[in-house]
Amino acid sequence: MANASDNVATALSGAAKAINVSSSLEDTLDGIVHAVLVALPEFDHAGISIIHKDGRIETLSGTDQFVWDLDELQYSLAEGPCVDAMREERVVIVERARHDQRWPNYMPQAARRGLRAQLALQVYTGAETIGGLNLYSTESEAVPPESLQVADLFATHAAIALGQARTEDQLQQAASGRKVIGQAMGIVSERYQIPEERAFQFLVRASQTSNVKLRLVAAEIVAATNEKYAASQG
């Protein structure tokens, strides 16, 4: 028991470091999926998926090809533990996979590929479902009850990593939007010899009239100006 606890503590520590160090999202998620197998040796394969706003599910990280294959099988069929965990239930447990009849299209194919047990957990923040943590066993047919709590901790780590990435992406987009709007204001101000406040009002009116977001209107003005400048230099 002490050894198992040590494994969990070590794996969780590794997962926390993977989130906190400066690295790509891919590296962070890879660290988490490999750490979960150290903490839960009853599973042989692990992966993390994300659900997009249009409902499409995509695997972002997996310990091996088995994960990618079974994830893709579920998503292409629109059924399976991973799909249910993300869209309907928070936790889905599969034991003795070849006898499970809940997913008539997925489970027979998965069992033929060697699946014996599966655990799927929803990865979520307080506001939304982000994705799922998917664990597969090809050796054991059982999912020990204590595995759920440990797996949930790793799902939380995954939620933090994905949530940070999503927030950073939104911040980056916002910063990029502010920059291009500022550039467009300068162009309009220079072109029409008007102060920046009126240049901003010009952009707002153009956005409202065309029913196009302000950032996109600004980006179009900047792009057109850059193209004109490049042509004049050519």
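Our subject is the structure listed above.
As a starting point, this report considers the structure included with it. From a predicted model like this one, the values you see are computed outputs, not experimental measurements.

Topic: the side chain of Asp84
Mapped onto the elements, Asp84 comes out in helix H4 (residues 81-87). No salt bridge is formed by the buried Asp84. Its closest oppositely charged neighbour is Arg102, at 6.7 Å. Ignoring anything within four residues of it in the chain, the contact list for Asp84 reads Glu89, Val92 and Trp103.

Re the nonpolar core
In terms of nonpolar packing, the biggest core is built from 28 residues, with Leu40, Ile48, Val123, Leu133, Leu135 and Phe154 touching the most fellow members. Mapped by element, the contributors of at least two residues to this core are helix H2 (25-39), strand S1 (45-51), strand S4 (117-124), strand S5 (129-137) and helix H6 (145-192). Broken down by element, this core gets its largest block of residues, eight residues, from H6. Not counting residues within four places of it along the chain, the set of residues in contact with Leu40 comprises Leu135, Ser147, Val150 and Ala151. The next biggest cluster of nonpolar side chains, apart from the first, holds 21 residues, and it includes Val92, Ala97, Met107 and Ala120.

A word on the sheet that holds S1
Read across the sheet, five strands follow the order S2-S1-S5-S4-S3 without closing on themselves; strand pairing throughout is antiparallel. Of all strands in the sheet, those with a lone pairing partner are strand S2 (57-62) and strand S3 (91-94), marking the two edges. The average angle at which neighbouring strand axes cross in this sheet is 20 degrees, direction not considered. Here six bridges tie S1 to S5, and the two strands are oriented antiparallel to one another. Residue pairing in the sheet places Ala46 in a bridge with Leu135 of S5.

Let's talk about the pairing of S4
The element S4 is extensively covered by neighbouring structure, given that seven of its eight residues are classed as buried. By the bridge criterion, four bridges tie S3 to S4 in an arrangement that is antiparallel. Residue pairing for S4: Val91 is matched across the bridge by Leu121. Judged from the eight bridges that link them, S4 and S5 form a sheet pairing that is antiparallel. Across the sheet, the residue bridging to Ala117 is Ser137, located in S5. Linking S4 to S5, which pair antiparallel, is a turn of four residues.

Points about the packing of aromatic side chains
Scanning all chains against the criterion turns up two aromatic pairs. Seen in terms of ring centroids, Phe66 and Tyr136 are 5.9 Å apart; in terms of plane orientation they differ by 80 degrees. Their pairing is edge-to-face. Placement of Phe66 in helix H3 (residues 65-77) and of Tyr136 in strand S5 is noted, with a sequence separation of 70 residues between them. For Phe66, a relative accessible area of 15% translates into the label buried.

Quick notes on the rules
Throughout this document, residue positions are counted from 1 along each chain, in the order its sequence is written. Confidence filtering applies because this is a predicted model: local features only for residues at pLDDT of at least 70, side-chain atom pairs given and counted only at 80 or more, and all residues used for totals across whole chains, interfaces and linings. Think of the side-chain values as coming from all heavy atoms in the structure, minus any hydrogens and water. Numbering of helices and strands starts at the N terminus; helices are DSSP runs of H or I of at least 4 residues and strands are runs of E of at least 2. Type-normalised accessible area, obtained with a 1.4 Å probe on protein chains alone, sets the label of each residue: buried when under 20%, exposed when over 50%, and partly exposed for intermediate values. Asp and Glu are treated as the negative residues and Lys and Arg as the positive ones, with His and the ends of the chain left uncounted. Salt bridge, as used here, is a side-chain nitrogen of Lys or Arg placed within 4 Å of a carboxyl oxygen of Asp or Glu. Whether two residues are in contact is decided by their heavy atoms: any pair within 4.5 Å suffices. In plain words, nonpolar cores are sets of buried Ala, Val, Leu, Ile, Met, Phe, Trp, Tyr and Cys residues tied together by side-chain atoms within 4.5 Å. For two strands to be treated as a pair, DSSP must find at least two bridges joining them. Where helices are involved, their axes are fitted lines through C-alpha atoms of the stretch in contact, as for all axes, and angles between N-to-C directions lie from 0 to 180°. To pair, rings of Phe, Tyr and Trp, with the six-membered ring standing in for Trp, must have centres within 6.5 Å; the planes then decide the type, stacked if under 30 degrees apart, edge-to-face if over 60, and tilted in the middle.

Taken by themselves, the reported measurements are silent on function.
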